[in-house]
Amino acid sequence: MAIGPSKGVNPLDEEPLQTEHVALRMAQRHLTEQEIEYVMQYGIRYRRAGMLHFYLRKKDIPASDLRLNQYSRLEGAVVLLDSRSGTRIVTAYRNRHKDALKAIRWKAKYDRKRQAKSRPPFC
């Protein structure tokens, strides 16, 4: 289920924090900070596996921007934010495969590793 703009923390309200990892991935994938912000602004949001996924589909790109290569090449871009802070970018990648969005939706809804740490041990 996609998350609408009115639910939860809106990551666009604050300046997103970047880790060294995401800076390296952005350089490898030729993504700029402005392009990451564009994906976060226009992409569809999903909260899965303890992360907030922003996925930019072709139909999410405004018609005026679709003609520009700068924005049309972002189709299939994915930005992951830590769902706890809502402002820390974890990684970014591209996935133009036809089942890319389905793969995001199939992920577990919560991060099971974090849940396991918070549970008391069995007696």
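Basis of the calculations
Residues numbered from 1 in each chain as written. Predicted model: local features only at pLDDT ≥ 70, side-chain atom pairs only at ≥ 80, totals over all residues. Heavy atoms only, no water. Pairing = 2+ DSSP bridges. Helix = DSSP H or I, 4+ residues; strand = E, 2+ residues; numbered from the N terminus. Contact = heavy atoms within 4.5 Å. Axes fitted to C-alpha atoms, helices over the stretch in contact; angles between N-to-C directions. Buried < 20%, exposed > 50% of the residue type's maximum accessible area, 1.4 Å probe, protein only. pLDDT = per-residue confidence, 0-100. Polar contact = N/O pair within 3.5 Å; in protein donor to acceptor, adjacent residues only side chain to side chain.

1. Brief notes about the sheet that holds strand 3 (residues 51–55)
The mixed open sheet is built from five strands, whose spatial order is 1-5-4-3-2. Of all strands in the sheet, those with a lone pairing partner are strand 1 (17–18) and strand 2 (44–48), marking the two edges. Most of the contacts of helix 1 (residues 20–28) go to strand 5 (residues 88–94), to which it runs at about 20°, and overall it touches strand 1 and strand 5. Across the sheet, helix 2 (residues 33–42) touches strand 1, strand 2, strand 3, strand 4 (77–82) and strand 5, and the angle it forms with strand 4 is around 85°.

2. Structural notes on helix 2
For helix 2, the set of buried residues is Glu35, Ile36, Tyr38, Val39 and Met40. Residues of helix 2 that are buried make contact with helix 1, strand 3, helix 3 (63–66), helix 4 (69–72), strand 4 and strand 5.

3. Some remarks on the environment of Val22
Mapped onto the elements, Val22 comes out in helix 1. On the basis of relative accessibility, which here comes to 0%, the residue Val22 falls in the buried class. Sequence spacing of Val22 and Ala92 is 70 residues, and the spatial spacing of their C-alpha atoms is 6.6 Å.

4. Quick notes on the confidence of the model for the protein chain
Overall, the prediction assigns the protein chain a mean pLDDT of 76, with 68% of residues at 70 or greater. Per-residue pLDDT stays below 50 along residues 3–9; that stretch engages in nine contacts with residues further than four places along the chain or on separate chains.

5. As for the side chain of Asp60
Assignment of secondary structure puts Asp60 in the loop between strand 3 and helix 3. Asp60 sits in the buried class, given a relative accessible area of 15%. Reaching out from Asp60, the side chain makes a polar contact with the side chain of Arg57 at a distance of 2.9 Å.

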